[in-house]
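Letter by letter, the chains look like this.
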Amino acid sequence: MASLLCLSLLVAAAAATSPGRLVPFDLLYADGVRAYLARDWARAAELLQRALHSYAGLRAARRACRAACARQEPLGGGPGRWEAALLGPVLQRARCLQQCLGRRLRPAPSAHRASRAVRRDFERREPYNYLQVAFFQLKKLDQAVSAAHTFFVANPQHLQMQEDIEKYRRMSGVKSDSFQDLEATPHWEAYETGVQHYDADEYLQAVARLEESLSEALSALEECRALCEGPREDEDEEEKMQPGLYEAIAAHYIQVLKCRQQCVLEIATKPGRISATEDFIPSHLDLLQFAYSQVGNQTLAAECAASYLLFYPTDEPMLEKMKQYRAELGEDTAVTARQSIQHYVQRSLMEKKLIYYAVEHLGETFHDPDLWTPDELIPENLREKHREDQEKQKQETLDVEEREKRGALPFEGIAVTMDSQQMNGTQRVVFDRVLTESECKDLLRLTKAAGEAGDGYRARRSPHTPHERFEGLTVLKAVQLAQNGDVEWRDAKLLLQASEKSRRIIESYFTPGKKLHFSFTHLVCRRAVDGEQEGRMDLSHPVHADNCLLDPEGQECWKEPPAYVYRDYSGVLYLNDDFQGGGLFFTEMDTVTVTAEVRPKCGRLVAFSSGKENPHGVWAVRRGRRCAIALWYTHSPEHTEQERVKAEELLEQRAMEQDQPDGDKHQGTDGSSRSSSEPRAPSRAAKPADQRQKPGLDRKQQPKVLRARDEF
């Protein structure tokens, strides 16, 4: 029934734009989550679907009104003084938009301005996570599978959903066509199919799908650009105070231009990925010119080549191709670039010129998303920085190649933020995006529900300082608490999953092919004791090494008891950053010369070898509560963490007793159930084409700059 769900979403989205029909999506979402928590599955499914309909309808209404008003009231021109000529059409456009949106959005458009947290939930398809559980409880299996798959496509690293998808695949009543993405973008489906045909030398089919992809991508780009003209909805970010009318107009206009420029990254980023496909639009033309030449259509091949040269006019291989096409077609044959590509390039260059003017004269900043931006467009005094950025990008490419020699990381989306060279040491690395914000919040809930002072530290209040209180939880204790009903099973399971994910990442980075075993796993929080921080001089954790006794005066580290001499690698997976102090730092053997510091934040994993090459400590936590999963690993199987073995046995035993999707079996202490992290209810540069080999054989990816996700 997945097709029925998809059809209902489309029909309702279209209907939602009718006057009087569009209820603010954030209100529907909030009510849907409340119904979910109350286990009113039918009501939850209805409200969550309506929220998705309303969200799609709101975006459609904004796109349609901006397109209509652009046709009716074009900007520019007009008699009279320049202010009237400029601002007159602006006022007319504003009136048109206000009237159009007022007709389409009832209640007033201002009622549809949701918080950033809610908008990001919809961008990450969070409502589908709730929906899949609700549909499962309603015995609507096909719809549950479609909702789960739609969420999973955009969140491929979600640990619990990975398991649920596999369980759905094993269920006898599930049809294979139920695994469909209800939010699929047409240009990505066409692009991936076209590239598959291209790689298989099926050029006729490749041409059809790549042309479809290019057309859909340009259409998606226009929709994205239209949405950039909307109101600035980040009400929690105070807008800079502007000294006057023209400064304020300029500031907002430049923000719109920068948003439009970034749209190419949005359409070039596949759902579930964190980086955009490099040169997404030019790469279509590169592939198409080769494919057309292979099917004998030299006219269109030449047209695509001419279009590609608009991006890279000095690309020697493509210039040689153009000479070849002209010779084959005849020198008198006119070969011009596609009008749509000419418009795309000219408009983009105009916007870049304005943005770089603002960067040079108004103090703006700009991260150019395109590699093809010509150097002459960049102001002279900014070119040096631009060259430095290019050199930095080259170094990052070399770092990627070096990491590839180590072996690929076992999970997509994990970013290496700092390596040993950047941290002024050896065998050190920092990974980001190991956990999502919602997974961090679930683990923090586990610490609040089950934290016990001194657990894992021989019952002492704190082993290192009287100014902090330690709360710790081992993996076995977490599972035992779940057995007793004191914590939720899914939270205890997430602790094991997160630590295992960290182990696989560290093993693949430092010791590919050589097994790392858990030595000890500890979920631990350090809380600053109120009233005892004034005049504090000590550290949260003194400088030490993890497998030897550090002797700063003798510049030695002794591998002897009571040190844990069998430990080979260490890791810290952070869960939060809403505290003061508490950063990790590395030193020389003297324990006082700091060589590197790491600031904790959700999903950040710092890993390092456990020996004398990595003395480290923790700055004092002066306010708040710092939580992390401390991890130690060994190459020696005889030192494997036995508590973890027991915890895994208990989980396996429970899984055998209840082998069904976790959305059904994870019953929380509040009576709720969900297969994944549970949020709270919502509230109100040139890259030439190498023609010596088939284009597209070495398609690299350009990192995309992302903002950190805000949660409820």
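Conventions used here
- Residues numbered from 1 in each chain as written.
- Predicted model: local features only at pLDDT ≥ 70, side-chain atom pairs only at ≥ 80, totals over all residues.
- Heavy atoms only, no water.
- Helix = DSSP H or I, 4+ residues; strand = E, 2+ residues; numbered from the N terminus.
- Buried < 20%, exposed > 50% of the residue type's maximum accessible area, 1.4 Å probe, protein only.
- Areas by Shrake-Rupley, 256 points an atom, 1.4 Å probe, with all protein chains shown as cover.
- Core = buried A, V, L, I, M, F, W, Y, C linked by side-chain atoms within 4.5 Å.
- Contact = heavy atoms within 4.5 Å.
- 1 Å grid on protein atoms, 1.4 Å probe; cavity = no way out; pocket = protein on both sides within 12 Å on 5 of 7 lines; lining within 4 Å.
- Points joined across faces, edges and corners; volume = space filled by probe spheres on them.
- Nonpolar A, V, L, I, M, F, W, Y, C, P; charged D, E, K, R; others polar.
- pLDDT = per-residue confidence, 0-100.
- Disulfide = S-S within 2.5 Å.
- Salt bridge = Lys/Arg side-chain N within 4 Å of Asp/Glu carboxyl O.
- Expected span 1.5 Å × (residues − 1).

As a further point, take the overall build of the chain. For the chain, the helix and strand inventory stands at 21 helices and 18 strands. The buried share of the chain, taken over its 712 residues, is 51%. Here the chain has roughly 33,800 Å² of accessible surface; of this, 51% comes from carbon and sulfur atoms.

Another point: the nonpolar core. Judged by nonpolar contacts, the single largest core of 48 residues is most densely connected at Tyr198, Leu210, Phe280, Ile281, Phe311, Ile341 and Tyr344. Where this core is concerned, the elements lending two or more residues are α9 (186–199), α10 (203–227), α11 (245–267), α12 (280–294), α13 (298–311), α14 (316–329) and α15 (339–361). At nine residues, the largest contribution of residues to this core is made by α10. Residues contacting Phe311, with those up to four places away along its chain left out, are Ile281, Pro282, Leu285, Ile341, Tyr344, Val345 and Trp372. Counting 46 residues, the second largest nonpolar core, distinct from the first, contains Ala492, Leu495, Cys525 and Leu573.

Take helix α5 (residues 116–123) next. Among the eight residues in α5, seven count as buried, and that is most of the element. When we look at burial in α5, the residues that qualify are Arg116, Ala117, Val118, Arg119, Arg120, Asp121 and Phe122. Directly beyond the C-terminal end of α5, a positive phi value near 65 degrees is found at Arg125.

What follows deals with empty space enclosed by the protein. In this structure, the largest cavity spans a volume of roughly 110 Å³. Forming the boundary of the largest cavity are 16 residues, of which Thr277, Asp279, Phe280, Pro369 and Asp370 lie nearest the centre. Those elements giving two or more residues to the lining of the largest cavity turn out to be α11, β1 (275–277) and α12. By residue class, the composition of the lining of the largest cavity is 11 nonpolar, two polar and three charged.

With that settled, the discussion passes to the confidence of the model for the chain. When pLDDT is averaged across the chain, the result is 81; 79% of the residues are at 70 or more. Here residues 663–693 is modelled with pLDDT under 50, and outside its nearest four sequence neighbours on either side it reaches 119 contacts, counting other chains as well. Across residues 696–712, confidence stays below pLDDT 50; counting only partners more than four residues off in sequence or on other chains, it has 55 contacts.

Attention now goes to the state of the cysteines. Considering all chains together, one arrives at six disulfides under this definition. The disulfide that involves Cys65 links it to Cys100, with 2.0 Å between the sulfurs. Residues Cys65 and Cys100 are joined by a disulfide whose S-S torsion is about -80 degrees; by sign, that bridge is left-handed. Linking Cys65 in helix α3 (residues 41–72) with Cys100 in helix α4 (residues 82–104), this pair joins segments that are 35 residues apart in sequence. Judged on exposure class, the residue Cys65 and its partner Cys100 are both buried. The disulfide that involves Cys548 links it to Cys557, with 1.9 Å between the sulfurs. An S-S torsion of about 90 degrees defines the bridge between Cys548 and Cys557 as right-handed. Each of the two residues, Cys548 as well as Cys557, counts as buried.

Once that is clear, we can look at the pattern of salt bridges. Tallied over the full model, the rule gives 31 salt bridges. The salt bridge involving Asp491 is made with Arg445; its shortest N-O contact spans 3.1 Å. Here the residue Asp491 occupies a position in helix α19 (residues 489–510), and Arg445 occupies one in helix α17 (residues 437–450), the gap between them amounting to 46 residues. What you see here is one network of salt bridges that share partners, running through Asp442, Arg445, Glu488, Arg490 and Asp491.

Before going further, it helps to spend a moment on α12. End to end, α12 covers 22 Å across 15 residues, agreeing with the expected 21 Å (1.5 Å per residue, within 8%). The buried fraction of α12 amounts to 14 of the 15 residues, a majority that puts the element mostly inside the structure. A positive phi of about 85 degrees marks Gly296, the residue just after α12.

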